Amino acid sequence: MTQKIVVAALYKFVSLPGYVALREPLLALLEANGIKGTLLLAEEGINGTVSGSRAAIDALLAWFGQDPRLADIDHKESYCDEQPFYRTKVKLKKEIVTLGVPGVDPNQRVGTYVEPQDWNALIDDPEVLLIDTRNDYEVAIGTFDGAIDPQTKSFREFPDYIKAHYDPARHKKVAMFCTGGIRCEKASSYMLGEGFEEVYHLKGGILKYLEEVPKEQSRWKGDCFVFDNRVTVRHDLSEGDFDQCHACRSPVSAQDRQSEHYVPGISCPHCWNTLSEKTRTSARERQKQIELALKRNQPHPIGYNYRKQDA
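Calculation notes
Residues numbered from 1 in each chain as written. Predicted model: local features only at pLDDT ≥ 70, side-chain atom pairs only at ≥ 80, totals over all residues. Heavy atoms only, no water. UniProt positions renumbered as here; feature names shortened; annotations may be inferred. Helix = DSSP H or I, 4+ residues; strand = E, 2+ residues; numbered from the N terminus. Contact = heavy atoms within 4.5 Å. Polar contact = N/O pair within 3.5 Å; in protein donor to acceptor, adjacent residues only side chain to side chain. Pairing = 2+ DSSP bridges. Axes fitted to C-alpha atoms, helices over the stretch in contact; angles between N-to-C directions. Buried < 20%, exposed > 50% of the residue type's maximum accessible area, 1.4 Å probe, protein only.

Going by the annotation in an unreviewed UniProt entry, the name recorded for the chain is tRNA uridine(34) hydroxylase, with Stutzerimonas marianensis given as the source organism. The UniProt entry for the chain carries this comment under Sequence similarities (unreviewed entry): "Belongs to the TrhO family." Of the comments in the UniProt record for the chain, the one headed Catalytic activity (unreviewed entry) reads "uridine(34) in tRNA + AH2 + O2 = 5-hydroxyuridine(34) in tRNA + A + H2O".

Printed below as a string of structure tokens:
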């Protein structure tokens, strides 16, 4: 029986003033162990999702364990049959999750963590304002019962959304969630800075909730979007039924794939009438390269977000 690929989503907000020096040894470790995926390094910490064999991921965690700043890095695991990434990257960034508001630092101030087993009781409280901090295409395929969808295209839009819709004087209790927990840490830090007094967030995010809370007790509805080739996972963390449009990166359901506007690699019902001819041409060329790679049994070309280019 073929050994399952371990997919590890990990992050930690921690002061890393010498983060640039971590890039090369970390990249060397990933490559030496055949680990695929992307890790982001910034002065505020580390974030990313990678995949590899059980031994490879254990080697990575052991490497983190040698650095007191990273020894207790938050990580969640799921499994799949094939490598969900094509490349190995370690990138240097200004932020490990981009909010774009100066001074927001979860290392200095953060909301109250809520364990998965305590989450249901919190969100069942009628006084709690429940906000999904993820982007619109993620929310569309799954979220918690009663959660508010800010309909943001990127996390940078979150501060303006909060300012336009909510008042610290009226909204006394706020609970937030995201895929793995990292976005909520920064969102909670931001909201505390704006004067919101009681700010809660799901520790470990949706992935940890799906891992620990039995389905019969779950308040989660739908699939959870993940940032790898699986596209989505179900409540048992098995791979979902969604594909992804290579042109705009939107999740594509089985129904979407029946649409006349769905052309693999080139368009889908979400983008067929919004992409420019220039980017459409690029998408066609990329799809041609994908098909050639398949015929030659070569590595699959990496995806590209044409929607972002057209924005």
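Trainee: Tell me about the environment of Glu77, and name the residues and values.
Mentor: Along the polypeptide, Glu77 turns up in strand 4 (residues 74–80). Separated by 131 residues in the primary sequence, Glu77 and Lys208 place their C-alpha atoms 8.8 Å from one another. In this structure, Glu77 is in contact with Val6, Val7, Arg54, Ile57, Leu61, Glu211 and Leu237, ignoring residues within four places of it in sequence. Side-chain polar atoms of Glu77 contact the side chain of Tyr79, separated by 3.4 Å.

Trainee: Help me get a handle on the sheet that holds strand 5 (residues 88–92), residues and values and all.
Mentor: Reading across the sheet, the five strands line up as 4-1-3-2-5 and stay open at both edges, with mixed pairing between neighbours. In this open sheet, the two strands that pair with only one neighbour each are strand 4 and strand 5. Adjacent strand axes in the sheet meet at a mean angle of 10° when their direction is disregarded. Alignment of strand 2 (residues 36–42) against strand 3 (residues 45–52), held across seven bridges, turns out to be antiparallel.

Trainee: Describe the UniProt feature "domain: Rhodanese" (unreviewed entry) in the chain, with residues and values.
Mentor: Residues annotated by UniProt as "domain: Rhodanese" (unreviewed entry) correspond here to residues 124–218. With 34% helix and 19% strand, residues 124–218 has its two end C-alpha atoms placed 12 Å apart.

Trainee: Can you break down the pairing of strand 1 (residues 5–13) residue by residue, with the values?
Mentor: Most of strand 1 sits out of view: nine of its nine residues are buried. Relative to strand 3, strand 1 is paired through eight bridges, and the arrangement is antiparallel. Within the sheet, the bridge partner assigned to Phe13 lies in strand 3 and is Gly45.

Trainee: I'd like to hear about helix 7 (residues 205–212), residue by residue, with values.
Mentor: Counting buried positions over the eight residues of helix 7 gives six, a clear majority of the element. Inspection of helix 7 places Gly205, Ile206, Leu207, Lys208, Tyr209 and Leu210 among the buried residues, and these make up the whole buried set.

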